[in-house]
Amino acid sequence: MRKGRKTMEKQLKRSEVPKALKWDLTLLYESDEAMEQALAKTQQKASELAKTAGHFASDGQTFLRNLNENKAISEELEREFVYGMLRRDSDTTDSTAVTLYGQVVNAATTIEAELAFIQPELTAIDDADFAKLMQSEPGLAEYQYEMTKLRRQKKHVLSKAEETLLGHLNKSLDSAEEIYNTLNDADLKFGKVHDEKGQLVELTHGNRSQFNESQNRSVRKEAVLAYEKPYHELRNTFAQTLNSFIGTENALARIRHYPSARAAALGANNIPGSVYDTLVATVNQHLDLVYRWYELKKRVLGLDKMYKYDVNVPLAGEDMLKTTFEQGKQLTWDALQVMGPEYLKGLKSEFEHRWIDAAENLGKRSGGYQVGVYTANPFILLNWTDKLYSTFVLAHESGHAMHSWFAQQAQPSEYADAPIFLAEVASTFNENILTDYLLEKYQDDPKKLIFILEQYITGFIGTIYRQTQFAEFEDAAYKAEQKGQTLTADYLDQLSGELVNKYYGPAVEETGTRTQSWAYVPHFYMNYYVYQYATSWAVSTALSEAVWQHEPGALERYLDLLRAGGSDDPVTLLKHAGVDVTDSRYLERAFALFEKRLNQIEKLL
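In this report, the structure presented in the accompanying data block is examined. For clarity, every value in this text was computed on a predicted model and none was experimentally measured.

Over its 20 residues, helix 3 (residues 95–114) runs 28 Å from end to end, which matches the ideal 28 Å to within 8%, given 1.5 Å per residue. Burial in helix 3 covers these residues: Ala97, Leu100, Tyr101, Val104, Val105, Ala107, Ala108, Thr109, Ile111 and Ala113. Those residues of helix 3 that are buried lie in contact with helix 1 (32–50), helix 2 (60–90), helix 7 (160–173) and helix 8 (175–187). Between a side-chain oxygen at the N-terminus of helix 3 and the backbone nitrogen of threonine 96 the separation is 3.0 Å; the capping residue is aspartate 94.

Our next topic: the packing of aromatic side chains. Across all of its chains, the model carries 36 aromatic pairs by this definition. Ring centres of tyrosine 29 and tyrosine 83 lie 5.5 Å apart, and the angle between their planes is 90°; this geometry places the pair in the edge-to-face category. Placement of tyrosine 29 in the segment before helix 1 and of tyrosine 83 in helix 2 is noted, with a sequence separation of 54 residues between them. Using a relative accessible area of 11% as the deciding quantity, one classes tyrosine 29 as buried. Assessed through its relative accessible area of 4%, tyrosine 83 is described here as buried. Between the aromatic rings of tyrosine 145 and tyrosine 415, the centroid separation amounts to 6.0 Å while the plane-to-plane angle is 50°, which identifies the pairing as tilted. Of this pair, tyrosine 145 sits in helix 6 (residues 144–152) while tyrosine 415 is found in the loop between helix 17 (388–410) and helix 18 (420–441), placing the two residues 270 residues apart along the sequence. It is arginine 79 that lies over the ring of tyrosine 29; its NZ or CZ is 5.6 Å from the centre. Looking at arginine 208, its charged tip hangs above the ring of tyrosine 227, at a distance of 4.1 Å from the centre.

Turning our attention to unusual backbone geometry. Even without being a glycine, arginine 354 presents a positive backbone phi close to 55°. Assignment of secondary structure puts arginine 354 in the loop between helix 16 (341–352) and strand 4 (356–357). A residue is classified by how much of its surface remains accessible, and arginine 354, at 22% relative accessible area, is partly exposed.

Moving on: the pattern of salt bridges. All told, the structure shown has 37 salt bridges when counted by the stated rule. The salt bridge involving glutamate 414 is made with lysine 71; its shortest N-O contact spans 3.8 Å. Here lysine 71 lies in helix 2 and glutamate 414 lies in the loop between helix 17 and helix 18, a separation of 343 residues in the sequence. Like glutamate 414, the residue lysine 71 is buried in the burial classification. The residue arginine 585 makes a salt bridge to aspartate 583 at a minimum N-O spacing of 3.1 Å. Residue aspartate 583 is classed as partly exposed on the basis of its relative accessible area, which comes to 23%. A single salt-bridge network, built from bridges that share partners, covers Arg88, Asp89, Glu178 and Arg365.

Right, let's get into the nonpolar core. Core analysis: the biggest nonpolar cluster contains 148 residues, and Tyr294, Tyr465 and Tyr558 have the highest contact counts within it. It is helix 19 (residues 446–482) that provides the largest number of residues to this core, a total of 17 residues. Contact partners of tyrosine 558, with chain neighbours within four places excluded, come to Met339, Val425, Ala426, Phe429, Leu543 and Val547. Of all hydrophobic cores here, the second largest spans 43 residues; its members include Met35, Ala107, Ala108 and Tyr143.

Two quantities define a packed helix pair, namely the angle between the helix axes and the distance between the axes. Following both chains from N to C, one finds helix 22 (residues 531–548) and helix 25 (residues 585–604) inclined at 75°, their axes separated by 8 Å at the closest point. Classed by the angle they form, the pair helix 22 and helix 25 counts as roughly perpendicular. Taking contact as the criterion, the partners of Thr535, Ala538, Val539, Thr541, Ala542 and Glu545 in helix 22 are, on helix 25, Tyr586, Leu587, Arg589, Ala590 and Leu593. Each residue belonging to the contact of helix 22 with helix 25 can be placed in one class, and the counts come to seven nonpolar, two polar and two charged.

As a further point, take the side chain of histidine 156. Residue position: histidine 156 is located in the loop between helix 6 and helix 7. For histidine 156, a relative accessible area of 8% translates into the label buried. Polar side-chain contacts of histidine 156 include one of 2.7 Å to the backbone oxygen of arginine 256. Among all residues touching histidine 156, those that are not within four sequence positions of it are Arg256, His257 and Tyr258.

How each quantity is defined
Residues numbered from 1 in each chain as written. Predicted model: local features only at pLDDT ≥ 70, side-chain atom pairs only at ≥ 80, totals over all residues. Heavy atoms only, no water. Helix = DSSP H or I, 4+ residues; strand = E, 2+ residues; numbered from the N terminus. Expected span 1.5 Å × (residues − 1). Buried < 20%, exposed > 50% of the residue type's maximum accessible area, 1.4 Å probe, protein only. Contact = heavy atoms within 4.5 Å. Polar contact = N/O pair within 3.5 Å; in protein donor to acceptor, adjacent residues only side chain to side chain. Phe/Tyr/Trp six-rings, centres within 6.5 Å; stacked < 30°, edge-to-face > 60°. Lys NZ or Arg CZ within 6 Å of the ring centre and 35° of its normal. Salt bridge = Lys/Arg side-chain N within 4 Å of Asp/Glu carboxyl O. Core = buried A, V, L, I, M, F, W, Y, C linked by side-chain atoms within 4.5 Å. Axes fitted to C-alpha atoms, helices over the stretch in contact; angles between N-to-C directions. Parallel < 35°, antiparallel > 145°, perpendicular 65-115°, else oblique. Nonpolar A, V, L, I, M, F, W, Y, C, P; charged D, E, K, R; others polar.

Written as structure tokens, this is what we have:
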């Protein structure tokens, strides 16, 4: 990890990153050429399956055979697509990798268009006849829930010709997201800023948190303003990109006969719209707690005026519990001992077999994520900074990875991917367990307790309050565009600025540009994604408390939730695990814990 710490001075090139800090893509394919050969075979399989159009489900045996072949194609394409994506995300300035990813995207678009006939052909079958068809072949029982989901969306499935047309347009329809990612990850430069020693260093997505938490106010102010600057300079481009994406999603919703893009996004997993509205209403009812936190922070820091560049400086007075990547893995391992041997077996494979790409390098995609591959294993992207925050990101993404791993062991591939509504439960669950572990580990060290409690409070605010703020912004932007409003930079600045001020409260003054507050959020290009972070944190609070306190049956219920993957509606699976998301009580429980820990840190201070 010694090399990894040089990122504060100069970002590493991809070729300079140690092997141990890179994911092992040979777990998917030995080479780019091997992937391309596999992709060609998958395309051929899809072309053959396309010949079944018109008689895909002519009888039970034919239907089962074609469903199995379609599943095999999906499994192969997933492996090929992920390989291309990981190659591209490792270094978005690598033209070979970008070209390879483009090949996979093109192939996926072609395959989707070729097989677009399947949905309309199946939904066109009369309900009674379809029920008889499903009973005619025992092997079709595996696909019962998948068919239920498909036919539940019957009125939103278009004709064969229309679905084929949309399939051909997929690449273009996804272009706004691709343009945003390229702009944000490959082209955006933040320049150099002064560190605490007065030396000029490159500011990046990965290291900005180190500056934001500096005890030196001039250092953090310079970094925050420098980070905001390119977003402001390109504000019209970012606005046009987001306007294009939201306009496309609204248009697709209309085309598929949904009343709104939100209804389309939630309807796919049978999530009631009330879940979204209850979240926003309940969080707004508890804004007094976050206002109290910022007032406390302002008082402890001794500030006459508190600006956004002050909110992340640690009250403990220094950046504590720094961890290298190896230390972060050990800390995560120790915290998750409560999860039992089966969970730890999967985590050990993740740590030992290079499922993780840890170090930041030039051109690497910012942030962090996990992606599962049914026929292989999950992969995790990180941008490690040696801060405790990075360990929390590792725990978070490992929660996703273990969700994928458990579901892959227990479910056929069509049910192995859990919808985001469930997936973010598994990730935030691990963050809560790590917090509980650290609070217990350092219970006799008041200074470290303050630091850990602040990490929790910052995480809670960032997940429940901030993501709900984003959810309000997103919903308002979609509704405005649907009514004919062009989402200009000025309009989006106004919308976001008002929400930022509402969620930060009277203790925090505005500074810099409003553009960065919306333009830097990649999840706005994932169509009603952000609200699920907030609901998931609240759900995982209840589940993780029960497991940490060793409540009878709690761990097994949770592991069953992981094993279930996407084999039923999210609301139903969460009820089996013990949480009803149609009732606000799960949110109230999360706010009760937040207030409890807010009281703890007030006493310690």
